[in-house]
Amino acid sequence: MKNLAQTIKENQENLRNKQLFKRDYSFPKELFLIEKIHTLVGARRVGKTSVMIQRIQTFEKEWLLAYEDIVFLDYATLQPSEYPSSEQLLEAFHSIHPGRTPRFFLDEIQSDHDFKYTLLKLYNQWYKIFVTWSNSKLLSHELATELRGRSYEFHIQGLSFVEYCRFRGKEIHWDGVYTATERGTILHLMQEYLSYGTYPELALSNNKTIATSLIDGYLNTLLYRDIQERYGKNITNGIEYLIKQLVISNTKYTSLHKVYQDLKSQWKKISKDSVYNFMDILQQVFFVSEVADRYKPKAQKKYFLNDRWYMQLFSNKENFWQKWEHCIYLHLLRNWETLSYSNSDGREIDFVTNNDDRIQVCYQLHKENYAREIEPLVASKNTTKILYL
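Once a new chain begins, its residue numbering starts again from 1 and follows that chain's sequence as written. The predicted nature of this model means local features are confined to residues of pLDDT at least 70 and side-chain atom pairs, given and counted, to a pLDDT of 80 or more, with totals for whole chains, interfaces and linings taken over all residues. To get the side-chain values, all heavy atoms of the structure are used, and hydrogens and water are removed first.

### A word on the overall build of the protein chain
Counting from the N terminus, the helices are the DSSP runs of H or I reaching at least four residues and the strands are the DSSP runs of E reaching at least two. When its secondary structure is counted, the protein chain shows 15 helices and 11 strands. Computed over the C-alpha atoms, the radius of gyration of the protein chain is 23 Å, within 12% of the 21 Å expected from 2.2 N^0.38 for a compact globule of 389 residues. Each principal axis of the C-alpha atoms in the protein chain carries an extent, and together these give about 70 × 60 × 45 Å. The buried label goes to any residue with under 20% of its type's maximum accessible area, the exposed label to any with over 50%, and the partly exposed label to all in between, with areas taken from a 1.4 Å probe on protein chains only. Counting all 389 residues of the protein chain, 50% fall into the buried class. Throughout, a contact is declared for two residues whenever any of their heavy atoms are within 4.5 Å. Across the protein chain, every contact between residues at least 6 apart in sequence was considered, and the portion connecting residues at least 24 apart equals 69%. The globule rule used for comparison is 2.2 Å times the number of residues to the exponent 0.38, while the radius of gyration itself is calculated over C-alpha atoms.

Put into structure tokens, the structure is as follows:
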């Protein structure tokens, strides 16, 4: 690696001139002042590094730091022999900016097996620290354990619809007034968004062939790098089948017992506990999340992928009703940490929030499904009721 001080200085200049599509994450001053190691978590390729750079630029504009204060280092570009210690980082920084106080922004720091010692040494000297990392070697709850409760977790998702439109060159505002032509453009972008999903690279590609190649690469990275590196090659014996079933049944009920029975019928040597362990692993690496019944925790669960484009890998059907529910689920997650559903006497509510709001999702409302979609909302007492169409 080139001289560490030179790398730090070059990165400061690159950050100053870096142009990014704006993501709708707010970074209040109070967040900067929190005396914690700030950790950005999320699935692969959702844009954690870009959000961290946006955070740097926001703090600089608000006079909370200067570019000369920044130590930005991407550990994924370094060889193991090049990983710097906390002492080397401080020495390199002060060799170019003596007397200034560094702020550390360390990308993919989990690549360094001694990362926790580096972070804790810097933290104990009261330096501001922001990090991202990959789930291939460390999960979010494991990071919190390694850092002994000194971390503050910030979850990064894929693109919202407003962000997707911005990536596609159209800035929209919910309180805006639009012409018929503009409304048509926005509706077209919504159809794209439902099809292409939330990954930033896919939004920029706007090409089905390229998007399919990219998402196939994401899945292979998840399966063959993240999961196999942690759990060994033998785990693919059943987890590939589970992934396929979760993708096909995205937003629907999935019976893990049935998955186990299917694998047994294929003469797979696998235990029922292994299937449940596979599901835990896929949730830990942000591939899928579960939604349980609000009032019957032991009832069947629904599972939602972190991105709907995976559905294109196993089916040519558009299934817009399924993608619309998935779209609303990700939208709701931006406002509520936990979502559940409700199914009482055959009356199903798609989502119930922490505040007990009842939310029904319907791609198209017509006389055949009107009673099924509306009656559960009407029957709900003393709650806020929302219908997404």
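### Some details on the packing of aromatic side chains
Two aromatic rings, drawn from Phe, Tyr or Trp (for Trp, its six-membered ring), form a pair once their centres lie within 6.5 Å of each other, and the interplanar angle then sorts them: stacked below 30 degrees, edge-to-face above 60, tilted otherwise. Across all of its chains, the model carries 19 aromatic pairs by this definition. Here Tyr199 and Tyr310 contribute two aromatic rings whose centre-to-centre distance is 6.3 Å and whose plane-to-plane angle is 85 degrees, an arrangement assigned as edge-to-face. Here the residue Tyr199 occupies a position in the loop between helix 8 (180–196) and helix 9 (200–205), and Tyr310 occupies one in the loop between strand 7 (302–305) and helix 14 (320–333), the gap between them amounting to 111 residues. The class of Tyr310 is buried, set by a relative accessible area of 2%. The interplanar angle of 45 degrees and the centroid separation of 5.7 Å between the aromatic rings of Phe304 and Phe351 together place this pair among those described as tilted. Note that Phe304 is positioned in strand 7 and Phe351 in strand 9 (residues 347–352), a separation of 47 residues in sequence. Among the aromatic residues, those joined into a cluster by ring pairs are Phe32, Phe59, Phe105 and Phe130. Note on criteria: charge over ring means Lys NZ or Arg CZ within 6 Å of the ring centre, with the direction from the centre no more than 35 degrees off the ring normal. Lys128 extends its terminal NZ or CZ atom over the ring of Phe32, reaching a point 5.3 Å from the ring centre. Above the plane of the ring of Tyr341 lies Lys302, whose end atom (NZ or CZ) is 5.0 Å from the centre.

### Let's talk about the sheet that holds strand 1 (residues 37–41)
Across a sheet, paired strands are connected by hydrogen bonds in the backbone, their directions being either parallel or antiparallel. When DSSP finds at least two bridges between two strands, those strands are taken to pair. Here we have 5 strands laid out as an open sheet, ordered 2-3-4-1-5, and parallel in their pairing. Looking at strand neighbours, the two that pair on one side only are strand 2 (70–74) and strand 5 (151–155), the edges of this open sheet. Each neighbouring strand pair of the sheet contributes to a mean axis angle of 15 degrees, computed without reference to strand direction. Sheet analysis places strand 1 next to strand 5, joined by 5 bridges and oriented parallel. Across the sheet, His38 pairs through a bridge with Tyr152, a residue of strand 5. Between the N-to-C directions of two axes lies an angle of 0 to 180 degrees, each axis being a line fitted to C-alpha atoms and, for a helix, fitted only over the stretch in contact.

### Side note on the pattern of salt bridges
When a carboxyl oxygen of Asp or Glu lies within 4 Å of a side-chain nitrogen of Lys or Arg, that pair is called a salt bridge. For the structure shown, the criterion picks out 18 salt bridges. We note a salt bridge from Lys258 to Asp262, for which the minimum N-O separation is 3.2 Å. Remark: Asp262 and Lys258 occur in helix 12 (residues 256–265); sequence separation between them is 4 residues, near one turn of the helix. Residue classification places Asp262 among the buried positions, given a relative accessible area of 19%. Residues joined by salt bridges that share partners form a network here, namely Lys22, Asp24, Arg166 and Glu171.

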